[in-house]
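Residue-level listing of the chains:
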Amino acid sequence: MEKIKNLVIVESPAKSKTIEGFLGKEYKVTSCYGHIRDLEKKNSGIDVKDKFKPNYIVPSEKKAVVRELKKLVEKSETIWLATDEDREGEAISWHLKDELKIDDKKIKRIVFNEITKKAILNSIQNPRQIDIDLVEAQQARRILDRLVGFELSPILWRKVKPNLSAGRVQSVAVRLIVEREREIQNFTSESAFRIVGDFIVKDKKGKKTLLQAELGKRFSTEKEARSFLELCKNAEFTVDSLEKKLAYKSSAAPFTTSTLQQEASRKLGFSVSKTMLVAQKLYESGKITYMRTDSTILSEFAIQAAKDNIIENFGNEYSNPHQYVTKSSSAQEAHEAIRPTYFENASVDGTKDEKSLYGLIWKRAIASQMSDAKLERTTVKISMSNNDLNFTAKGEVILFDGFLKVYLESTDEENGDNESEIIPPLKSGEKLNFSEIAATEKYTRPPARYTEASLVKKLEELGIGRPSTYAPTISTIQKRGYVSKDELKGRERNYKELTLVDKKITEELKSEITGADRGKLLPSNIAMLVNDFLINYFPNILDYQFTANVEEELDEVAEGKIDWHKMLDEFYTPFHKQVEHTLDNSERVSGERILGTDPTTGKQISVRMARYGAVAAITNPDDENDKPKYAGLRLNQKLETITLEEAIELFKLPRTLGEFENSEVSVSIGRFGPYVKHFSKFYSMPKEFDPYEITLEEAIGVIENGRIKEAEKTLKIFEQDAAVKIMNGRWGPYIKSSKGMVRIPKGTKVDDLVFEDVQKIIEEAYPTKKKSTKKKK
DNA sequence: CAGTGAGCGAGCTTCCGCTTGACTT
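As the structure is a prediction and not an experimental result, all values here were calculated from the model. One numbering rule holds for all chains: residues counted from 1, following each sequence as written. Here the convention is simple: chains get letters from A, ligands get numbers from 1, in the order in which they are written. With pLDDT at 70 or above as the cut-off, local features in this predicted model cover only qualifying residues; side-chain atom pairs require 80 or more to be listed or tallied, and sums for whole chains, interfaces and linings still use all residues. Computation of side-chain values covers all heavy atoms of the structure but excludes hydrogens and water.

K.L.:
It is not clear to me how the overall build of chain A should be interpreted in this structure. Could you clarify?
P.N.:
Elements are defined by DSSP. Helices are runs of H or I of four residues or more, strands are runs of E of two residues or more, and each kind is numbered from the N terminus. Counting secondary structure elements, chain A contains 20 helices and 30 strands. With the C-alpha coordinates of chain A rotated into their principal frame, the extents come out at 100 × 80 × 60 Å. Each residue is placed in one exposure class: buried if its accessible area under a 1.4 Å probe, protein chains only, is under 20% of its type's maximum, exposed if it is over 50%, and partly exposed if it falls in between. Residues classed as buried in chain A amount to 45% of the 777 residues present. Chain A carries 127 positive and 123 negative side-chain charges, and their two centres are separated by 4 Å. Counted charges follow a simple rule, with Lys and Arg positive, Asp and Glu negative, and His plus the chain ends left uncounted. Lysine's charge is taken at NZ, arginine's at CZ, aspartate's at CG and glutamate's at CD.

K.L.:
What is the right way to read the side chain of glutamate 181 from this model?
P.N.:
Along the chain, the position of glutamate 181 falls in helix α6 (residues 170–185). The class of glutamate 181 is buried, set by a relative accessible area of 9%. The term polar contact refers here to a pair of N or O atoms within 3.5 Å; inside protein, the definition further demands a hydrogen-donor-capable atom paired with an acceptor-capable atom, and it admits residues adjacent in sequence only when both atoms are side-chain atoms. In terms of polar contacts, glutamate 181 uses its side chain to reach the side chain of arginine 449, at 2.9 Å. Residues in contact with glutamate 181, not counting those within four places in the same chain, are Arg449, Leu522, Pro523 and Met528. Here, two residues are considered to be in contact whenever any of their heavy atoms come within 4.5 Å of each other.

K.L.:
Teacher, can you tell me more about the domain arrangement of chain A here?
P.N.:
By a widespread convention, an interface's size corresponds to the accessible area lost as its parts come together. All the domain ranges listed were derived from an automatic or database domain assignment. Domain boundaries assigned for chain A yield domain 1 (4–130), domain 2 (136–187 + 449–485 + 520–589), domain 3 (191–250 + 374–445 + 486–514), domain 4 (257–371), domain 5 (593–650) and domain 6 (655–765). The centre of domain 1, based on its C-alpha atoms, is set 28 Å off from the matching centre of domain 4. In this complex, domain 1 contributes 13 residues to the contact, which on the side of domain 4 involves ten residues. Two parts placed together each lose some accessible area under a 1.4 Å probe, and adding up what both lose gives the buried area. Taken over both partners, the interface formed by domain 1 and domain 4 buries close to 900 Å², and the fraction arising from carbon and sulfur atoms is 46%. A carboxyl oxygen of Asp or Glu within 4 Å of a side-chain nitrogen of Lys or Arg is what we treat as a salt bridge. On inspection of domain 1 and its partner domain 4, the count reaches one salt bridge. A salt bridge links glutamate 300 to lysine 118; the nearest nitrogen and oxygen atoms lie 3.4 Å apart. On the surface where domain 1 and domain 4 come into contact, there are five residue pairs in polar contact (both at pLDDT 80 or more). Across the side of domain 1 that touches domain 4, the residue classes tally to three nonpolar, three polar and seven charged. Each residue receives one of three labels: charged for Asp, Glu, Lys and Arg, nonpolar for Ala, Val, Leu, Ile, Met, Phe, Trp, Tyr, Cys and Pro, and polar for the others, Gly being one of them.

K.L.:
Explanation requested: the packing of α6 against helix α13 (residues 470–479) in the structure shown.
P.N.:
To characterise two packed helices, one gives the angle between the axes of the helices and the distance between these axes. Convention adopted: a line fitted to C-alpha atoms gives each axis, helices being fitted over their contacting stretch, and angles between N-to-C directions are expressed from 0 to 180 degrees. In contact at an axis separation of 10 Å, α6 and α13 are set at 70 degrees when each is read in the N-to-C sense. One way to sum up the angle between α6 and α13 is to call them roughly perpendicular. Crossing geometry of α6 relative to α13 is assigned as right-handed. Counting all contacts with α6, which are made through Gln170, Ala173, Val174 and Ile177, the residues of α13 involved are Thr473, Thr476 and Ile477. Looking at the contact of α6 with α13 residue by residue, the classes come out as four nonpolar, three polar and no charged. The labels follow the angle: roughly parallel below 35 degrees, roughly antiparallel above 145, roughly perpendicular from 65 to 115, and oblique for the rest. Crossings are classed by handedness, with left-handed meaning an anticlockwise turn of the near helix from the far one by less than a right angle and right-handed meaning a clockwise turn.

K.L.:
Any chance you could explain the packing of α6 against helix α12 (residues 452–461) here in plain terms?
P.N.:
For the pair α6 and α12, interaxial distance at closest approach is 11 Å and the crossing angle is 120 degrees. Judged by the inter-axis angle, α6 sits oblique to α12. Every pair of crossing elements has a handedness; the one defined by α6 and α12 is right-handed. Where α6 abuts α12, its residues Ala173, Leu176 and Ile177 lie against Leu455, Lys458 and Leu459. A per-class count over the contact of α6 with α12 returns five nonpolar, no polar and one charged.

K.L.:
It is not clear to me how the pairing of strand β26 (residues 681–684) should be interpreted in this structure. Could you clarify?
P.N.:
Working note: regular strand, side chains alternate between the two faces of the sheet. A pair of strands is labelled paired if DSSP reports no fewer than 2 bridges between them. Relative to β26, strand β25 (residues 673–678) runs antiparallel, the two sharing four bridges. The residue bridging lysine 677 from the neighbouring strand is phenylalanine 682, located in β26. Between the end of β25 and the start of β26, which pair antiparallel, lie two residues, with phenylalanine 679 showing a positive phi angle near 55 degrees.

K.L.:
Hey, could you run me through the environment of threonine 714 in this one?
P.N.:
If you trace the backbone, threonine 714 turns up in strand β27 (residues 714–717). A sequence separation of 19 residues divides threonine 714 from proline 733, and the C-alpha atoms of the two residues are 9.1 Å apart.

K.L.:
Could you clarify how one ought to interpret the environment of glutamate 436 in this entry?
P.N.:
When you line up the elements, glutamate 436 lands in strand β14 (residues 431–443). When the C-alpha positions of glutamate 436 and isoleucine 513 are compared, they lie 26 Å apart, and in sequence the two are 77 residues distant. Each residue touching glutamate 436, except ones within four places of it in the same chain, is listed here: Val196, Gly197, Asp198, Thr499, Leu500 and Val501.

K.L.:
Looking at this structure, I do not really get the environment of lysine 442. What am I missing?
P.N.:
In this fold, lysine 442 is placed in strand β14. For the pair lysine 442 and glycine 706, spaced 264 residues apart in the sequence, the C-alpha separation amounts to 44 Å. Residues contacting lysine 442, with those up to four places away along its chain left out, are Glu190, Ser191, Ala192, Arg194 and Arg218.

Shown next as structure tokens:
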């Protein structure tokens, strides 16, 4: 058997390739692909009564990895456990030792948080043993999360709905979204008149130009605004003061996972999962450093390389090499910040997405090592002769661009009217005339809904979740139906504008769209019900501070100050009591609200959560035999805010529009949204139509389009059975039957298939046995 | 996929944090 002198195990395969290059022939480097074991899923995987004894197993998808590692370990003299330098990494090392049964004497634990030759050789010089306190802190974290998740979720199945879930991270994420939505619901918008004047000035070349200045006060009523404009008619305007100030702008730190997700969302429109997918590709091809990190630290090598690049391309005065302190308090800093591997590559080959994300990472990292920008900010105050109020204009001139030459971080604020302009040369005491002064009614805006990226930002601020889980958490809460990203249409709103020109005030009623939103995280009715339920019975777990408190205790475990059993026991004993109390004492959650009486029938109208979603019901409480009528709530209608009028409106569906080809055409809303029904066939209604307003002609159009689309997708039909068809789908041709869909076996040509073959394929996929029909959701 | 919403009951669901491919309706 061929012997291996040194076996180095790291977490990621891409890393292992790089490191092998640094270490030479005596070393073989391999990877374990993250955790190799986890708590068993059945029976919670924890024996609570036996001091929280965990039952670890190797999941099936990791069996091959473990088998391979075992072989290598047996052949090796020394095993260098080089997993990440954080709690999880330490635990992975311990699991490797335990599962692969490696002798302590053969183990050397090494850590490095940058993949440079120097750092790795240095780590080889300073091996240590596994830090068991740190491992126990991880174990406590893992067990606590399992206990919380696997005791809370079943309560929800019983009290709210099956398949729901709750957990330390996801439930807080949902809470943030629910609370923001309620803030928006309860927000009362107020309007005030904003006054902006266009003053006539001369620019450097003596050419006439306009200087826009805003009055320091807004007027809450139109009357006040109007009388102010009246005053302006006869006022004399004077440049009162001219203040110039030097200001400096600093670049932002290089990317962490969270800031990369935020910027890629704002600048490139990527979802957080897309950002991670593209970043993974760049990492695997060696173009960037590791993309799951909470650190803003750059290696010495990187700082030097950035410096060289900046001096060469922009000059000495643009270089400002420095390190950024990581802001996030929960950071474990096992890796570097996200940066290009080679700064000399300002761009790379690859897909369009890879190119643009790489460009962003390169610019951000380079900018982070560049000088501050130097600006001159000018504030001009314009006073009035018959009034104490002042107009103010602000301007900004860049004296030295510094890092702005390559990159400027964007913000979440939607207010675009802060652009600074260049202030023309003015003198204090100079008299000014205006060409126009406008008073525009402006409404206050409710707080903005979370985007995926702004939610990640918030979670990171709260210390909840880790770089590797931000994207999965967001997809989990969407999968569970707590959150969706539907488009909100908004409504029209009028506002007034008064304009003063040539001593004449004109008035105009304008309109704008308000409340429209897209791509934002919207909570579902279920999210609101579950959130209220959990906050009621488990306020401690839903507390924004909960994770922070847990982390503090885990730190004490890691420092060997407290025993992990004790820490878990102090948490679990009261928690489990809460669980039992809730199971015994809580009512089933239905979210029922009685809205009032239906004016046409005199029966009761209520809303509640039903099996397939929120419904409105017309019921007769006095007569049990009177069959209730149901209508599903529309997308974005909320159980807690829907009004009686809106509920009555729902019962206007289904609407019968008339006849087409001698069959009735009707419209309604089903599980998959609004549809047109004709001749017992359903056609989804495109978004531009409203089922309450669509006309017969438009509905016929929907039917005809639907037929064309279906014909395009249909490859083959059979005379023997109209329900069986061969269709063309996303993954190629498939058979559609009343039993379900089946993929056509590989290598089979659609043209060759006869009805009997198709029947056989269907029969194989959906056997007509008494039980165990394979169903997939 | 399927345009319902009754009610029964078996058997299932679920957490967070490390990592990538295998696989999909």
